[in-house]
Each structure stands twice: as C-alpha cells, then as structure tokens.
Amino acid sequence: MSEPASISAGIAGRYATAVFEIAQESKGLDQLESGVNALADALAESADLRNVISSPLISREEQGKAIAAVAAKMGLAPVLTQVLGLMAEKRRLFVVPQMLAALRALLADHRNEVVAEVQSAVALTKKQTEALAATLSKNVGKSVNIRATVDESLIGGLVVKVGSKMIDTSIRSKLDSLQNAMKEVG
C-alpha cells in the first residue's frame with residue numbers, strides 16, 4: 001500500500017470506528033448498516049456523487065450542502081449524517097468509500113460474519129454457494145457471506161478471498177504454474 005493510500009485508510013478507519021461506536025452505544029447499528037449500504041450503492045451508481053466527494057474544485061461549503069442533501073434524501077442515520085458533514089468541513093470526503101468499507105467490516109465482525117469474495121468462471125448455483133459458504137464457515141469459524149462474481153478468464157475453478165487469505169484453484173492459475181515450470185526446464 002502506498003503512503004497516501006495508507007494515510008487515507010487510517011483516516012477512514014478512525015472515522016468508521018467512531019461512527020460504529022456511537023451507533024453501537026445508541027443501539028442504532030441496524031439503521032447505520034442500511035445507511036452504509038444505501039450510500040455505497042449511491043456512490044457506485046452516481047458519477048456526480050463520486051465527483052462531489054473527490055473533486056478539489058468543489059468548495060467545502062458546496063460539498064457540505066451536497067452531502068447534507070444526499071443524507072437527508074436517503075434518510076441516513078444521524079451519526080452518519082453528522083460525520084459526513086464533519087468530513088466535508090475538514091475536506092475529507094474523499095475517504096468516504098474507504099470509510100464505508102471499514103464500517104461494513106466492523107458491522108460484519110460485530111455479527112461474527114466474514115465476507116468471502118468468490119470469482120468463478122461460470123455463475124454459481126444457489127446449492128453451490130450454500131455448500132461453499134458452509135465449508136468456509138467450518139474453516140474460518142464465522143458465518144460466511146459469499147459475494148460472487150464471474151470471471152470467464154479463469155476457465156474453470158474458483159478464486160476465493162476471505163480477509164487476507166486467498167485460495168486459487170482456477171484452471172488459469174494451474175496453467176500459469178505449468179507454463180512457468182516448463183520455462184524452467186527448457
């Protein structure tokens with residue numbers, strides 16, 4: 001991780017921890033989670049919103065008004081609305097995506113859950129997803145939520161990421177390993 005990225009992650013982590021602890025004390029974790037998911041979806045869908053939080057050309061006041069309007073329209077939890085306002089005031093809205101990711105991780109950890117990112121060559125069936133989640137749960141010791149994506153370049157097999165661990169059983173990976181071994185021989 002580069003230095004600016006680690007600084008951003010540190011800033012986002014501090015904001016996320018503060019928001020999480022306040023929401024937990026006020027018993028508002030469910031409202032916080034729905035707000036986090038809604039805001040993350042809005043950021044994914046709206047280039048204008050991403051521009052508002054990241055553009056240095058937009059003044060603090062304009063960013064503050066825009067983010068307050070978005071928060072009011074979405075009905076975000078008061079603690080989340082207040083921290084977004086503070087972040088606009090401090091010119092730190094650019095770390096909102098990292099803060100949302102950190103909040104999701106804190107919320108999942110609180111529920112004793114972990115998210116597994118799974119890439120497969122073809123879409124997994126419901127039965128396959130459930131079996132994979134059950135197997136991963138036994139190994140991790142937590143409830144596992146699967147976030148599945150399709151990557152046809154894998155040819156077959158899976159790439160599973162759980163936290164900092166990665167399991168790559170894809171055909172592409174095996175072919176790459178075989179190709180490297182063949183290069184060493186000849």
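Preceding this paragraph is the structure being described.
Remember, it's a predicted structure, so these values are computed and weren't measured experimentally. (Residues numbered from 1 in each chain as written. Predicted model: local features only at pLDDT ≥ 70, side-chain atom pairs only at ≥ 80, totals over all residues. Heavy atoms only, no water.)

**Student:** Please explain helix H7 (residues 126-140) as it appears in this structure.
**Tutor:** For an α-helix, 3.6 residues make a turn, and residues three or four places apart therefore share a direction. When the terminal C-alpha atoms of H7 are compared, their 21 Å separation across 15 residues agrees well with the 21 Å that a helix rising 1.5 Å per residue should span. Of all the residues in H7, the buried ones are Leu132, Ala133 and Leu136. Summarising the axial view, the buried residues of H7 lie within an arc of 100°, below the 170-degree limit, and thus occupy one face. Looking at H7, the residues exposed on the side facing more than 90 degrees away from the buried face are Lys127 and Lys138. Where H7 is buried, its residues contact strand S1 (113-120), strand S2 (143-150) and strand S3 (158-162). Positive backbone phi, approximately 80°, marks Gly141, located one or two places after H7. (Helix = DSSP H or I, 4+ residues; strand = E, 2+ residues; numbered from the N terminus. Expected span 1.5 Å × (residues − 1). Buried < 20%, exposed > 50% of the residue type's maximum accessible area, 1.4 Å probe, protein only. Arc of directions from axis to C-beta. Contact = heavy atoms within 4.5 Å.)

**Student:** Just to check I follow, could you spell out a nonpolar patch on the surface for this structure?
**Tutor:** A contiguous nonpolar surface patch, about 500 Å² in accessible area, is contributed by Ile155, Ile171, Leu175, Leu178 and Met182. Tracing the backbone shows Leu175 in helix H8 (residues 171-185). Using a relative accessible area of 45% as the deciding quantity, one classes Leu175 as partly exposed. (Patch = residues over 30% accessible without salt bridge, like charges linked within 9 Å, V, L, I, M, F, W, Y side chains within 5 Å. Areas by Shrake-Rupley, 256 points an atom, 1.4 Å probe, with all protein chains shown as cover. Salt bridge = Lys/Arg side-chain N within 4 Å of Asp/Glu carboxyl O.)

**Student:** Would you mind going over the pairing of S2 with me for this structure?
**Tutor:** On a regular strand, one side chain projects to one face of the sheet and the next to the other, so that they alternate. Inspection of the sheet shows S1 paired to S2 by eight bridges, in the parallel sense. The residue bridging Glu117 from the neighbouring strand is Arg147, located in S2. The β-α-β motif built from S1, the intervening H7 and the parallel element S2 has right-handed crossover chirality. (Pairing = 2+ DSSP bridges. Right-handed = clockwise from strand over helix to strand, strands pointing away.)

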